[in-house]
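Topology and contacts: notes
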Amino acid sequence: MTDDIKETTSDTTSTEVAAEPSVAVAEQPAAKVSVGKLSASELIRAFEAEQIAKQAKDHPEIYVGDTVRVGVRITEGNKERIQPYEGVVIAKRHGGLNETITVRRIFQGVGVERVFLIHSPQVASIKVERRGKVRRAKLFYLRDRVGKATRVKQRFDR
């Protein structure tokens, strides 16, 4: 009987030893945040902050009214190229990892708007060409304007 007990205890200790590394691996991201147990929303927030910290150096500070040149990755077959898309930022939405900008430009006399997810792998680069001086958070009124009326004054203090 003692042999059976010894075998059982050795099995439990081996399972405990095997379980300990997986627990330690699961606790490592929590150690970065310095909190023992994380709720789902806190875990997501910590992950997003980590991702933004990695990508923060890649993109400049973008404001509504700025004229930006966005380098968009386009794959054609097995080739990949970067196509620039230049226009005025008329809206910013969301925040953090989900931040998007709406860029409007006039192409062959027709207004074209594209929404870009800033932290997307499809966005290769973002360069601010000029800063705009505006007093609105959304510039949807530019949709109704034509020609020189769509110009935005330049801002020099940023």
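Here we summarise the structure given alongside this text. (Residues numbered from 1 in each chain as written. Predicted model: local features only at pLDDT ≥ 70, side-chain atom pairs only at ≥ 80, totals over all residues. Heavy atoms only, no water.)

**Re the pattern of salt bridges**
Applying the stated criterion across every chain yields a total of 9 salt bridges. Here Arg73 and Glu80 are joined by a salt bridge, their closest N and O atoms 3.5 Å apart. By relative accessible area, which is 31% here, Arg73 ends up partly exposed. The residue Lys92 makes a salt bridge to Glu99 at a minimum N-O spacing of 3.3 Å. Residues participating in the shared-partner salt-bridge network are Arg69, Glu86 and Glu129. (Salt bridge = Lys/Arg side-chain N within 4 Å of Asp/Glu carboxyl O. Buried < 20%, exposed > 50% of the residue type's maximum accessible area, 1.4 Å probe, protein only.)

**Considerations on the packing of aromatic side chains**
Following the criterion strictly, the structure yields 1 aromatic pair and no others. Summarising the aromatic geometry, the rings of Tyr85 and Phe116 are spaced 5.6 Å apart at their centres and angled 65 degrees between planes, so their arrangement reads as edge-to-face. Taken together, the residues span a long stretch of sequence, with Tyr85 in strand E2 (residues 79–93) and Phe116 in strand E4 (residues 110–117) at a distance of 31 residues. The class for Tyr85 is buried, based on a relative accessible area of 7%. Above the face of the Tyr85 ring, Arg114 is positioned so that its terminal group lies 5.3 Å from the ring centre. (Phe/Tyr/Trp six-rings, centres within 6.5 Å; stacked < 30°, edge-to-face > 60°. Helix = DSSP H or I, 4+ residues; strand = E, 2+ residues; numbered from the N terminus. Lys NZ or Arg CZ within 6 Å of the ring centre and 35° of its normal.)

**A short note on unusual backbone geometry**
One non-glycine residue, His94, adopts positive backbone phi at about 60 degrees. The residue His94 is located in the loop between E2 and strand E3 (100–107) in this model. Accessibility expressed as a relative area gives 58% for His94, which makes it exposed. The phi torsion at Gln108 lies on the positive side, around 50 degrees, for a residue other than glycine.

**What to know about the pairing of strand E1 (residues 67–76)**
A regular strand places its side chains so that they alternate between the two faces of the sheet. Taken together, the 10 bridges between E1 and E2 define a ladder with antiparallel strand orientation. Paired with Arg73 across the bridge in E2 is Ile82. Two successive antiparallel strands, E1 and E2, enclose a turn made up of 2 residues, where Gly77 displays a positive phi of approximately 70 degrees. Pairing geometry for E1 and strand E5 (residues 123–130), over 6 bridges, is antiparallel. Counted as the bridge partner of Thr67 is Arg130 from E5. (Pairing = 2+ DSSP bridges.)

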